[in-house]
Amino acid sequence: MGFLDDGLEGLQHNVFTAPIEELVKWARRRSLMPATFGLACCAIEMMATGAAHYDMARYGMETFRASPRQADLMIVAGRVSQKMAPVLRTVYDQMMEPKWVISMGVCASSGGMFNNYAIVQGVDQVVPVDVYAPGCPPGPETLLHAILTLHEKIRTGELTQRREENGGGAAIHIEEQPTPVIITSGSSK
Amino acid sequence: MGMLDYVRGFKVTFERLFDERVTTEYPKEKRPKPERFHGRHVLNRHEDGMEKCIGCELCAGVCPAKCIYVRGSDNPVEDPVSPGERFGFVYEINYLRCIHCDMCVEACPTQAITESKLFEFSFTNRSDAIYTKSELVVDDEGKPRKQPWELWHEGDDLNTSGWMRATSSAGRVEYEGVVGWSGELGHGVRSPEVGQSATASSEEGA
Amino acid sequence: MSNETASEGVMVTINGMEISVQPGDLVIDAAERAGAHIPRFCYHPRMSSVGVCRQCLVDIDTGRGPGLQPSCMVPVSEGMVVDTESEGVKRVQEGILELLLINHPLDCPVCDKGGECPLQDQTLTFGPVESRFIEEKRHYEKPIAISDLVYLDRERCVLCDRCTRFAREVAGDPLIHFMQRGNQTQVLTFPDDPFNSYFSGNTVQICPVGALTAKPYRFRARPWDLSEVESTCTTCSVGCRINVQSSRGELLRYQGVDIDSVNHGWLCDKGRFGFEAVNSDERLGTPFVRSDSNPDELVGTDWNTALEAAASALKAASGSSVGVIGGARLSNENAYAWSKFARTVLSTDNVDAQLGDGLCAEMVMSLPRATIDDAATADHVLLLAPDLKEELPVLYLRLRGASQGSTKLIELAPAPTGLTRYTSAAHGYRPGEMGQALDELLGGATGDAMRSGRTVVVIGRPSLADSPGEVEAAVGVAQRLLPEATFLPALRRGNVLGALDMGLAPGVLPGRIANDGSSQAWIDTHWGSIPTERGMDTIAMLEAAASGRLHTLLLIGADPLADVPDRDLVERAFAGVAKIVAVDTFATASVKRADVVLPTTAFAESGGTTTNLEGRISTLGRMVTGPGTVRDDWTIAAELAWRLDADLGLESLPGIWAEIEAVAPSHARCSPSMLSADSEGVLVPLPVVAVPEPDEIADDDADTSEADTSEAEVDEEQAEGAAAVVEAPSVPASVSWSAPALVDPPAVDGYALRLVARRRLYDAAVHTSQASSLAALADDSTLRVHPAELGSLGVESGSRINVTTARATIVLQVTADESVPRGVASMGFNQPGISAAELIDHREPVTEIRIETR
């Protein structure tokens with residue numbers, strides 16, 4: 001355990017290392033390198049995001065890297081077919097740590113309107129997704145919003161943003177169920 | 001390739017150097033969006049505050065992505081939620097499925113569901129993406145409710161029911177251009193957009 | 001078109017196409033067959049035509065030029081020319097629809113019918129684009145509850161007369177009527193009379209608009225998100241064909257399917273709304289075992305623990321000290337699995353699907369079986385049955401319909417039943433004297449009339465307070481005096497006939513063969529060796545348990561505490577056995593007494609087949625997944641067998657059916673493709689094929705081609721066996737039964753009344769009590785006595801009294817009822833809070849009660 005073995009994660013958190021952590025986080029979020037993973041129509045919008053009108057380079061995302069070895073952000077842009085899923089995973093595995101995934105568009109996020117056997121119903125079945133960008137396809141602004149959300153996530157290290165404060169959401173709770181008991185008093189032998 | 005070729009190449013660069021910038025400084029500023037942009041939905045209310053949604057599930061039935069889940073229920077007689085016998089007591093839209101095709105808006109018999117121009121949101125959690133009825137229904141001013149993860153720019157919450165029918169549901173050509181729009185909370189009866197109503201277009205289009 | 005071959009057909013021209021139709025057919029039906037759909041609202045093929053909606057007007061030319069006539073009122077005639085698409089017809093269709101829509105509120109988005117509404121569909125297809133009527137529509141209070149199950153919305157009504165005609169013509173409960181005249185005409189119930197019919201749900205199904213909607217389905221789903229599968233209702237043994245509809249994994253609606261042989265599309269309300277019990281939160285979703293620390297608790301556990309506990313309880317009992325009760329609510333496949341499990345793994349013949357409230361299995365199987373259609377077309381139907389309106393409601397509808405035609409119903413009942421109004425002769429008898437009364441009845445002119453025509457005898461238990469021996473003796477009388485008659489067993493539980501066919505009765509093996517040694521060779525080749533000593537029936541098992549001779553009771557979906565007509569015996573039996581293992585869907589009173597509870601799937605949660613009271617096998621549809629970790633009965637049986645070091649060899653439902661086809665002689669050749677080919681199902685045993693197979697022609701024994709009795713089937717199978725290389729055992733003969741002799745009726749006690757205990761449609765059993773809409777309808781907790789009897793006892797109608805038998809004294813409300821004969825008291829068998837089972841001693845031929853004021 002220590003800096004030599006585990007890198008930054010091995011550092012003890014204290015008053016001296018805290019600014020280093022801030023620095024590292026700043027450096028990471030200001031130099032995300034996306035791997036190209038345009039699969040369908042979303043890729044057009046992803047390209048538009050890189051072009052002059054929106055210019056992702058403003059956030060240090062200079063170019064889409066053709067090699068996963070040079071990338072740390074995978075933007076899954078489009079519907080992932082069952083055949084593509086292992087390829088996607090391979091590319092993800094080849095990316096350098098630390099790495100992040102943005103699921104761009106509803107097809108990548110949940111299969112979208114392609115509710116059928118050919119399409120992976122959510123790319124998070126294949127790779128861990130950090131940010132989901134809704135839309136069909138999401139415009140450059142939505143993708144930029146997703147990138148900014150990812151920046152925020154890297155900055156705060158926060159994992160979820162669930163809104164307990166406004167009581168919304170689908171309220172999916174899985175609670176430990178008590179063991180059911182049937183009281184049969186008076187009728188037992 | 002001589003030296004002159006480089007100069008010729010840089011000529012393009014230098015020519016553009018003092019042109020106006022085309023890059024939008026998003027998120028500080030946003031490019032203008034069309035009037036009928038398909039953003040996230042809102043559930044409208046009548047002028048008296050009652051919900052327009054009657055829980056008929058037509059939107060859920062027509063949705064090609066099956067992203068809408070509605071359950072109807074008997075309207076409580078003493079404290080009705082919507083006019084009539086039935087109201088939607090569950091209304092959920094999964095924005096990781098919605099393709100913003102607006103079929104739900106076309107199907108809605110009461111103009112309860114319309115699409116706003118809000119589209120700048122992303123989620124770090126799948127369950128965040130399911131907007132429930134409390135988040136979709138407009139507030140007491142008839143404005144959409146801002147969710148913490150949404151980015152709103154000036155004026156985005158206006159015209160949240162900006163989409164309008166160009167034809168009647170029966171598809172008769174006589175109705176083309178005539179807007180049948182019921183009053184809604186905070187807005188009253190909206191005036192037709194330019195070019196929408198036969199009379200309005202003749203007045204304003206002239 | 002099969003009708004084209006008919007030589008006596010009438011040639012008519014429909015839309016320029018000449019076709020041959022049966023004489024007497026209506027134009028609307030003929031056009032339908034010719035591919036021309038005529039819009040209609042009032043016309044329904046199962047009810048008389050009235051021609052009130054005028055929607056089906058078409059141009060009919062019978063030689064005097066075309067003219068608009070209602071096609072549902074005009075029978076075809078030779079040379080008729082029909083045009084359903086002429087300009088005039090189109091105009092009148094548009095006009096009528098515009099008229100019907102004048103006052104229709106068009107609230108389709110909130111209407112339960114929207115999406116499957118004939119008015120909606122036909123307006124889109126045939127209607128005008130736009131109405132000229134802009135006036136304010138008529139307003140009524142909406143919706144109004146006209147019964148506990150049905151809402152009426154008069155604004156939507158188009159006055160088609162379907163519900164009113166159904167109530168009047170089909171159900172015989174004319175409780176819903178047209179009121180007022182002219183523009184004010186409306187459908188309504190009488191002010192103090194709700195639409196309390198057992199068949200009210202049918203009006204919802206046949207309503208062509210959303211005027212009648214069902215409470216249990218109200219706003220629960222829209223038609224387009226329902227998925228459906230065809231199945232057979234197993235609420236009672238009539239076996240009505242239904243469409244099971246669900247959405248989001250929840251059963252939401254049953255709709256009747258129109259099949260000629262059974263239900264004609266009708267259902268009773270108990271069957272129609274019984275899906276609520278399947279959806280009930282009270283369903284058992286996990287296995288339970290009795291807690292070691294607190295004997296008053298059953299604690300939820302996992303399947304391994306529970307199956308282990310069940311297996312050890314069964315292992316501790318040897319062949320004769322284990323009893324298996326129940327199985328009449330299961331599919332054929334599940335019943336077969338338990339039958340095989342009991343015989344081969346438990347090595348016992350102590351199995352009985354009936355709970356002492358049925359008839360002798362051998363009698364039911366050996367009597368010549370009638371079908372429902374036989375009964376509905378017979379010259380005479382002799383009813384020696386319980387109240388069919390209460391127990392088998394759709395059979396009641398069929399017989400009631402038959403009584404409107406040429407069929408004469410003759411009833412012999414201890415107290416009037418729902419069918420009494422429709423009989424040509426209703427005879428009463430004092431409980432205990434059924435055989436004598438029948439002997440007298442059939443010996444006279446009535447018997448002569450019945451012998452001269454085709455007669456069907458409906459047999460069952462007219463009163464659960466009398467011993468079943470009385471019915472058996474009476475059936476013996478009927479068989480002797482009506483030698484040509486066929487019999488329809490009116491047993492109640494869903495698949496009781498199927499369970500008996502699968503061998504869930506002592507001394508009976510699958511396929512209606514006897515387990516008496518004669519079938520040993522046959523069953524040995526399929527099952528291996530099984531005990532041939534005749535086992536005990538339910539009553540005998542309970543008696544053995546009470547005297548400590550049974551170690552373990554296995555209850556398969558059985559609630560003896562509620563259903564055996566002797567509560568005291570069941571109490572003593574449950575106290576006397578060491579272990580009770582219950583396989584059930586709900587924690588019934590008996591399940592609460594068990595040591596191990598294994599939860600199982602309910603209706604629509606498993607596939608398979610079921611058998612109705614005619615012996616008609618039809619398929620069950622699987623629509624939803626059961627709660628928690630419930631399993632099918634056959635997998636539980638297979639698992640238990642595995643833990644008892646045996647292998648049932650059952651792997652799937654189709655696999656079990658294939659085994660049944662091979663093992664059960666009565667079910668031979670009844671293939672899955674035959675079952676799935678037709679909604680009507682398959683009547684077993686199948687008639688013997690008249691043409692011998694090629695390999696049999698050479699065989700010397702193949703001389704059975706003309707015979708069509710079951711013996712012939714046996715011979716044929718023998719022939720097949722002889723031709724085969726490996727010598728297979730011969731198919732054993734069907735079970736036989738000889739009627740017991742008439743015994744002298746018990747002496748009349750002048751101070752006592754004889755009890756008639758009959759089941760009502762809605763009772764305290766889970767099928768009603770767990771269905772939220774039906775539970776409140778079970779409220780018949782009074783004793784009905786003739787007012788003269790009450791007068792002589794000095795008891796006032798409506799007062800609470802003590803009812804005493806040798807078994808118990810219970811407190812009941814008494815009601816004066818002139819329809820109850822003197823000397824008799826009538827009550828519901830299993831109603832909430834009270835049960836006649838407490839009063840009944842199964843050893844007594846009749847139950848005599850004494851009434852005392854409190």
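Residues numbered from 1 in each chain as written. Chains lettered and ligands numbered in written order. Predicted model: local features only at pLDDT ≥ 70, side-chain atom pairs only at ≥ 80, totals over all residues.

### Comments concerning the overall build of chain B
And step 1. Within chain B, the secondary structure is distributed over five helices and five strands.
And step 2. Each helix (α) and strand (β) of chain B, taken in turn from the N terminus, gives the series α-β-α-β-β-α-β-β-α-α.
And step 3. Residue burial in chain B is summarised as follows: out of 206 residues, 35% are buried.
And step 4. Sequence-distant contacts, at least 24 apart, represent 66% of the contacts inside chain B between residues at least 6 apart. (Helix = DSSP H or I, 4+ residues; strand = E, 2+ residues; numbered from the N terminus. Buried ≥ 20, exposed ≤ 12 C-beta atoms within 10 Å, placed from the backbone. Contact = placed C-beta atoms within 7 Å.)

### Topic: the overall build of chain C
And step 1. Across its full length, chain C carries 29 helices and 38 strands.
And step 2. Computed over the C-alpha atoms, the radius of gyration of chain C is 29 Å, within 12% of the 29 Å expected from 2.2 N^0.38 for a compact globule of 854 residues.
And step 3. With the principal axes as the frame, chain C shows a C-alpha extent of 85 × 80 × 65 Å.
And step 4. The burial tally for chain C puts 56% of its 854 residues in the buried class.
And step 5. Once local pairs closer than 6 in sequence are excluded, the contacts in chain C between residues at least 24 apart make up 72%. (Rg over C-alpha atoms; globule rule 2.2 N^0.38 Å.)

### Re the sheet that holds strand E20 (residues 425-428) of chain C
All names here are of chain C.
And step 1. Read from one edge of the open sheet, five strands run E20-E19-E18-E21-E22, paired in parallel fashion. The sheet is open, and its two borders are formed by E20 and strand E22 (486-489), each paired with just one other strand. Taking each pair of neighbouring strands and ignoring which way they run, the sheet shows an average axis angle of 15 degrees.
And step 2. Both strand E19 (residues 408-413) and E20 contribute to a ladder of four bridges, which runs parallel. If you follow Ala413 over to E20, its bridge partner there is Gly428.
And step 3. On the sheet, helix H14 (residues 434-443) packs against E19 and E20 and is oriented at approximately 145 degrees with respect to E19.
And step 4. The sheet contacts of helix H16 (residues 468-481) involve strand E18 (380-384) and strand E21 (455-459), and relative to E18 the element is tilted by about 160 degrees. (Pairing = 2+ DSSP bridges. Axes fitted to C-alpha atoms, helices over the stretch in contact; angles between N-to-C directions.)

### Description of the domain arrangement of chain C
All names here are of chain C.
And step 1. One can read the domain layout of chain C as domain 1 (3-85), domain 2 (136-233 + 252-274), domain 3 (288-355 + 497-661), domain 4 (361-490) and domain 5 (753-853).
And step 2. Taking the mean C-alpha position of each, domain 2 and domain 4 sit 32 Å from one another.
And step 3. Tallying the contact residues gives 11 residues for domain 2 and nine residues for domain 4.
And step 4. Here the side of domain 2 that touches domain 4 is composed, by residue class, of eight nonpolar, three polar and no charged. (Domains from an automatic or database assignment. Nonpolar A, V, L, I, M, F, W, Y, C, P; charged D, E, K, R; others polar.)

### With respect to the interface of chain A and chain C
And step 1. Counting residues at the interface gives 10 residues for chain A and 13 residues for chain C.
And step 2. Note: strand E5 (residues 181-183) of chain A against strand E15 (residues 297-300) of chain C, three bridges, orientation antiparallel. Each residue of the ladder has a partner; that of Ile183 of chain A, found in E15 of chain C, is Glu297 of chain C.

### Here we look at the packing of helix H8 (residues 303-315) of chain C against helix H22 (residues 633-643) of chain C
Any two packed helices are characterised by how steeply their axes cross, that is the angle between the axes, and by the distance between the axes.
Residues and elements named next belong to chain C.
And step 1. Between H8 and H22, the least distance of the axes is 9 Å, while the angle of their chain directions is 65 degrees. Judged by the twist between their axes, the crossing of H8 over H22 is right-handed. Residues Leu307, Glu308, Ala310, Ala311 and Leu314 of H8 form the contact with H22, whose own contacting residues are Glu639, Leu640 and Arg643. (Left-handed = near helix turned anticlockwise from the far one by under 90°.)

### Examining the interface of chain B and chain A
And step 1. Of the residues lining the interface, 33 residues belong to chain B; the matching set on chain A comes to 35 residues.
And step 2. Its residues assigned to classes, the side of chain B that touches chain A comprises 17 nonpolar, nine polar and seven charged.

### Notes on the packing of helix H2 (residues 87-100) of chain C against helix H3 (residues 118-126) of chain C
Residue and element names in this part refer to chain C.
And step 1. The contact between H2 and H3 brings their axes to 10 Å, and the two run at 140 degrees. In terms of orientation, H2 and H3 fall into the oblique class. H2 and H3 meet at a crossing whose hand is left-handed. Of H3, the residues touching H2 (which contributes Gln93, Glu94, Leu97 and Leu100) are Leu119, Gln122, Thr123 and Phe126.
And step 2. A breakdown of the residues in the contact of H2 with H3 according to their chemical character gives four nonpolar, three polar and one charged. (Parallel < 35°, antiparallel > 145°, perpendicular 65-115°, else oblique.)

### Comments concerning H3 of chain C
And step 1. Taken as a whole, H3 of chain C has its buried residues at Leu119, Gln120, Gln122 and Thr123 of chain C.
And step 2. Buried positions along H3 of chain C lie against H2 of chain C.

### Quick look at the nonpolar core
And step 1. Membership of the largest hydrophobic core comes to 254 residues, with the highest contact counts inside it found for Ala310, Ala375, Leu383, Leu384, Val458, Ala478 and Leu500 of chain C.
And step 2. Other than its neighbours up to four places away in sequence, Ala375 of chain C contacts Ala370, Val381, Leu399, Ala402, Val456, Val458 and Leu488 of chain C.
And step 3. Counting 77 residues, the second-largest nonpolar core is a separate cluster that includes Cys42 and Ile119 of chain A, Val137 of chain B together with Cys108 of chain C. (Core = buried A, V, L, I, M, F, W, Y, C linked by C-beta atoms within 7 Å.)

### What to know about the confidence of the model for chain C
Low-pLDDT portions of the prediction should not be read for the details of their coordinates.
Residue and element names in this part refer to chain C.
And step 1. With 94% of its residues at a pLDDT of 70 or more, chain C shows a mean pLDDT of 91.
And step 2. Contacts from residues 696-725, a stretch scored under 50 in pLDDT, to residues over four places away or in other chains number 39 contacts.
And step 3. For this predicted complex, the interface confidence reaches an ipTM of 0.82, while the overall pTM sits at 0.88. (pLDDT = per-residue confidence, 0-100.)

### Overview of the environment of Glu818 of chain C
Residue and element names in this part refer to chain C.
And step 1. When you line up the elements, Glu818 lands in the loop between strand E34 (809-816) and strand E35 (824-828).
And step 2. Considered as a pair, Glu818 and Ala788 are 30 residues apart in the sequence and their alpha carbons are 8.5 Å apart.
And step 3. Excluding residues within four positions of it along the chain, Glu818 makes contact with His786 and Pro787.

### Thoughts on the environment of Ser679 of chain C
Residue and element names in this part refer to chain C.
And step 1. Structurally, Ser679 is set in the loop between helix H24 (672-677) and strand E30 (682-683).
And step 2. When the C-alpha atoms of Ser679 and Thr232 are compared, they prove to be 9.1 Å apart, with 447 residues separating the residues in sequence.
And step 3. Ignoring any residue separated from it by four or fewer positions in sequence, one finds Ser679 in contact with Glu230, Arg241, Val257 and Ile259.

### As for the environment of Ile54 of chain B
And step 1. One can find Ile54 of chain B in the loop between strand E1 (41-43) and helix H2 (58-62).
And step 2. Overall, Ile54 of chain B belongs to the buried group, with 25 C-beta atoms counted inside 10 Å.
And step 3. For Ile54 of chain B and Arg86 of chain B, which are 32 residues apart along the polypeptide, the C-alpha to C-alpha distance reads 5.5 Å.
And step 4. What Ile54 of chain B contacts, discounting residues up to four positions off in sequence, is Ser82, Gly84, Arg86, Phe87, Gly88 and Thr110 of chain B together with Pro109 and Val110 of chain C.

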